[in-house]
Amino acid sequence: MFAWRVWAFPHWQVHGYSLPAAAAVALAAAAAMAAYRRRSRALWLAAGVLFGCTTLCKQSYGLAVAATTGAALVALPFLEPPGRPRTRDVLAPLVLLGAGLLVALGPPLAQLAAQGALDDFVRQAIVQPMRGAVGFHAYLRLPDLWPLHRQDAALRAAIGSYFPAILATVWWPSISASWLLRETPVWDAGLKLVYWAPVFTFAAATLVWGGTAAADLSRRRVDAVHGPRLLALALAGGFLLAFPPPRDWTHLMMARLPGPAARTVRTACWAALALLLGATAALVRDFRRQMDFPLDGPRAGVFADRQNGPLLRDLLEHVERVVPPGVPVPIYPLQPMIGFLAGREPVGGFHVIWPVQDPGRDDRIIADLEGLRPPLVVYGLSQYALLGRFQENAPRLFDYLVAHYAIERVFSREPYGTVLATLARRPDETGGTALRPMGGVEGARETRWPFADVLAVPVGPPGGATAAHARIDVPSGEARLVLAYGINPDRWLGLDAGPFTFSVTVAPAGDAPRTLLRRTIDPGREVADRRWHDATLDLSSFAGQRVDLALAVEAPGAPERPDDLAGFAEPRLLTGRSGLASPR
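In this text, all values refer to a predicted model and were calculated from it rather than measured experimentally.

Thresholds, definitions, all that
- Residues numbered from 1 in each chain as written.
- Predicted model: local features only at pLDDT ≥ 70, side-chain atom pairs only at ≥ 80, totals over all residues.
- Heavy atoms only, no water.
- Helix = DSSP H or I, 4+ residues; strand = E, 2+ residues; numbered from the N terminus.
- Buried < 20%, exposed > 50% of the residue type's maximum accessible area, 1.4 Å probe, protein only.
- Contact = heavy atoms within 4.5 Å.
- Areas by Shrake-Rupley, 256 points an atom, 1.4 Å probe, with all protein chains shown as cover.
- Lys, Arg positive; Asp, Glu negative; His and termini not counted.
- Charge placed at Lys NZ, Arg CZ, Asp CG, Glu CD.
- Pairing = 2+ DSSP bridges.
- pLDDT = per-residue confidence, 0-100.
- Phe/Tyr/Trp six-rings, centres within 6.5 Å; stacked < 30°, edge-to-face > 60°.
- Lys NZ or Arg CZ within 6 Å of the ring centre and 35° of its normal.
- Axes fitted to C-alpha atoms, helices over the stretch in contact; angles between N-to-C directions.
- Polar contact = N/O pair within 3.5 Å; in protein donor to acceptor, adjacent residues only side chain to side chain.

Before going further, it helps to examine the overall build of the chain. The helix and strand inventory of the chain stands at 20 helices and 17 strands. With the C-alpha coordinates aligned to their principal axes, the bounding extent of the chain is approximately 105 × 60 × 45 Å. In the chain, buried positions account for 46% of the 584 residues. Summarising the internal contacts of the chain: among those between residues at least 6 apart in sequence, 73% fall at separations of at least 24. Summing over all exposed atoms, the chain offers an accessible surface of approximately 28200 Å²; the carbon and sulfur share of this is 60%. Separation of charge centres in the chain, based on 58 positive and 49 negative side chains, amounts to 11 Å.

Quick look at the structure:
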């Protein structure tokens, strides 16, 4: 138990739904074993109640193990003394188990129905997760078992999800530089065997125990061991059924212990167990040394590491300063712990934005955003790549945020660390005339990035970048071009290219171009450059003229996807005294 709890990191730090569910289903299995041995109707009823409690904690655990146990109950009478079992003996334990389930599930389901929430509950707690497990192909599956003799490119491409999180957190620098990981398939084969061990163990137990039971039945021999074995197989099989995609490390650990993995550990040699416990204790020691930054807020009282602790503290303090008490703070897409630590509720009833959710989710959230108008939204730019981009999972919500919110502040302390941002509500009127309606822009692609409408300009080599051009008539009097320039925020983390030089030149007809802007930023390496950089360019000297406006971005080397990397956000022409104002 100690080893499993540590290797289930990060979930062992928090009280999640899996832990009480695992405890309840283990008690239910114990009650079922006792009910079988004692022929106790009260214990069968108690086992059903405990299965119902498991279902209330985590429906996949409870329903799956209850179903497999129910199937075992039908088979149990046939393992008993020779002869055809009575129908009553077959059905009575099954009916009592089902009655116990109803005792636990009936009142909360009736309460949901009375409040008109039963339909939402069924769709969000059962239908949507099942649809995601079956139809969302980006979810991780079990790694291919073969090949074991060489490195597996597919497994390594998703190593962040397949690899034990506690090892990645504490010992990754040593592991990643080791000869075993870089030059051999040892880690690949080891991870595959760990993932497939529950399947192998269940299959082996089924073959061995099933074969023994079949042999005894053929000899009309009765052995009291077969019933408990069948119930143990029901427990293990239920946990395997409750392990649908995503089959990453976290869900593997949440589904393993009460099933075949526990028996595997118990039957392992003492030397291997001692080695496991020693490694686990060393991980705890090193983890405790690494987590030494106190988070002392009223909802924290815990320690974090020195990379993320100060960042979380700064973010929580900023939310406390900017957002009035009691006002909700949406946290998107997958960082609900921030909302808990800040003591803030979400909007629309959704704590996370997941690829497979209620079709009406975006409309509900947008309606709440319009009604409550929260001054701040927290957005995490460090996301799980396998789940897809926020703008693809929530397109309507993303468009709404781009139209009504802009990045206010970025929280980032290291080039390859966590990146969070706060979004502030835009003013209702920004003024000015957008560049596009004034004559169009050639050589640029109109797109939306977090969180701005952007003219994406292809990045080219120094002195050889292809500029985007716009021909505009500069009005008389004061005129200024206001814009922001920067790198796509979705590309900040892990960006190996750069630095990037942004330039804006203006050329009246027949005259040489004049450079109004030339700035260099490097957000891949300099966290201070991770933002949209505002610029106000004075066009008053070109008043009354038609000019060619050229927008270009240069960078050394050949960056990946150069047409979706750099751009100019919301360029607009401001005239008169309003030209002194920034659009942000």
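What follows covers the pairing of strand β11 (residues 468-473). Of the two faces of β11, the one lined by Ala468, Ala470 and Ile472 is fully buried and the one lined by His469, Arg471 and Asp473 carries no buried residue. With six bridges joining them, β11 and strand β16 (residues 546-554) adopt antiparallel strand pairing. Across the sheet, alanine 468 pairs through a bridge with leucine 551, a residue of β16.

Another aspect to go through is the confidence of the model for the chain. Any region with low pLDDT has predicted coordinates that should not be read closely. Mean pLDDT over the chain works out to 88, with 93% of the residues at or above the 70 mark. Mean pLDDT values over the elements of the chain span from 60, in helix α14 (residues 249-267), up to 97, in strand β4 (residues 376-380). Across residues 257-262, where pLDDT falls below 50, the model places 13 contacts with residues more than four positions away in sequence or in other chains. For residues 579-584, every residue scores under 50 in pLDDT, and the model assigns this stretch 18 contacts once sequence neighbours within four places are set aside.

Aromatic rings in a pair are described by how distant their centres are and how their planes are angled relative to each other. Evaluation of the coordinates by the stated rule reveals 16 aromatic pairs. Pairing tryptophan 196 with phenylalanine 200 gives two aromatic rings, centres 6.0 Å apart and planes at 25°, and the pair type is stacked. Taken together, the positions of tryptophan 196 and phenylalanine 200, both in helix α12 (residues 186-218) and four residues apart, correspond to about one turn of that helix. What makes phenylalanine 200 partly exposed here is its relative accessible area of 38%. Here the aromatic residues Tyr332, Tyr379, Phe390, Phe398 and Phe451 are joined through ring pairs into a cluster of three or more. When the ring centre of tyrosine 36 is taken as reference, the NZ or CZ atom of arginine 39 above it lies at 5.0 Å. Here the guanidinium or amino end of arginine 288 rests over the ring plane of phenylalanine 303, the centre of that ring lying 4.7 Å away.

It is worth spelling out the sheet that holds strand β3 (residues 331-332) at this point. Within the open sheet, the four strands sit side by side as β3-β4-β6-β5. Their pairing is mixed. In this open sheet, the two strands that pair with only one neighbour each are β3 and β5 (405-412). When β5 meets strand β6 (residues 419-425), the two strands line up antiparallel, connected through seven bridges. If you follow tyrosine 405 over to β6, its bridge partner there is arginine 425. Where helix α20 (residues 395-404) meets the sheet, it contacts β3, β4, β5 and β6, and its direction lies at approximately 95° from that of β5.

Along the polypeptide, glutamate 570 turns up in strand β17 (residues 566-575). At 2.7 Å, the side chain of glutamate 570 and the side chain of arginine 426 are in polar contact.

The subject of this paragraph is unusual backbone geometry. With an omega dihedral of 10°, the bond running from phenylalanine 9 to proline 10 counts as a cis peptide bond. Of note, proline 10 is situated in the loop between α1 (2-7) and α2 (18-38). That bond from proline 245 to proline 246 is cis: its omega, 5°, falls within 30 degrees of zero. Counting through the fold element by element, proline 246 comes out in the loop between α13 (226-241) and α14. Unusually for a residue other than glycine, arginine 373 sits at a positive phi of about 45°. Taking the relative accessible area as the measure of exposure, arginine 373 reaches 38% and is therefore partly exposed. Phi at arginine 561 is positive, roughly 45°, even though this residue is not glycine. Structurally, arginine 561 is set in the loop between β16 and β17. According to the relative accessible area criterion, arginine 561 is partly exposed, its value standing at 43%.

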